[in-house]
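Architecture at a glance
Each chain, letter by letter, is given below.
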Amino acid sequence: MDKDEENDALWELLGRARRVEASPYFARRVVGTIRNQQKPSRFSPSILLRWLIPTAALAGLVLGWLAYQNQEQQDVFDADFNRTADLQSLVTSEDSFLWIEEDSTL
């Protein structure tokens, strides 16, 4: 048998089969059944993973940035403090007392 004869036999068999008509409300009943199925709860681990992890990551980045900014401000303060301490050591050295003693003799 070639393909044409096989297809002809198939179409002949299908032509003798009983026709089934869908009811007019078939689609409505299918959609209603789908809607009436039990819906998943609103709380699930996927929601936790979807929102909690990015929020925690963002909070970690913000805290890290604030700590970095605080460290930079501390470094600037330390540099200023060291410069001031160096100036204080210059004022209290023995050579600096010479000009103070000279002014007091006037």
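Residues numbered from 1 in each chain as written. Predicted model: local features only at pLDDT ≥ 70, side-chain atom pairs only at ≥ 80, totals over all residues. Heavy atoms only, no water.

1. Here's the deal with a nonpolar patch on the surface
Formally: Like-charged residues are merged into a patch within 9 Å and nonpolar side chains (Val, Leu, Ile, Met, Phe, Trp, Tyr) within 5 Å, provided each residue has over 30% relative accessible area and no salt bridge. Residue exposure ignores everything except the shown protein chains as possible cover, and the areas themselves are Shrake-Rupley values with a 1.4 Å probe. Should a side-chain nitrogen of Lys or Arg be within 4 Å of a carboxyl oxygen of Asp or Glu, the pair is scored as a salt bridge. Under the DSSP-based scheme used, a helix requires at least four consecutive residues in state H or I and a strand at least two consecutive residues in state E, with every element numbered from the N terminus. Working definition: with a 1.4 Å probe on protein chains only, accessible area under 20% of the residue-type maximum means buried, over 50% means exposed, and in between means partly exposed.
Together, Leu58, Val62, Leu63, Trp65 and Leu66 give the surface a local cluster of nonpolar side chains, amounting to about 530 Å² of exposed area. Mapped onto the elements, Val62 comes out in helix α3 (residues 45–91). The class of Val62 is partly exposed, set by a relative accessible area of 41%.

2. Some thoughts on the pattern of salt bridges
Applying the stated rule across the entire model yields 1 salt bridge. Arg16 serves as the salt-bridge partner of Glu12, at 3.6 Å between the closest nitrogen and oxygen. Placement of the pair is Glu12 and Arg16 together in helix α1 (residues 3–16), with a separation of 4 residues, close to one helical turn. By relative accessible area, Glu12 is classed as exposed at 51%. Arg16 gets classed as exposed once you look at its relative accessible area, which sits at 63%.

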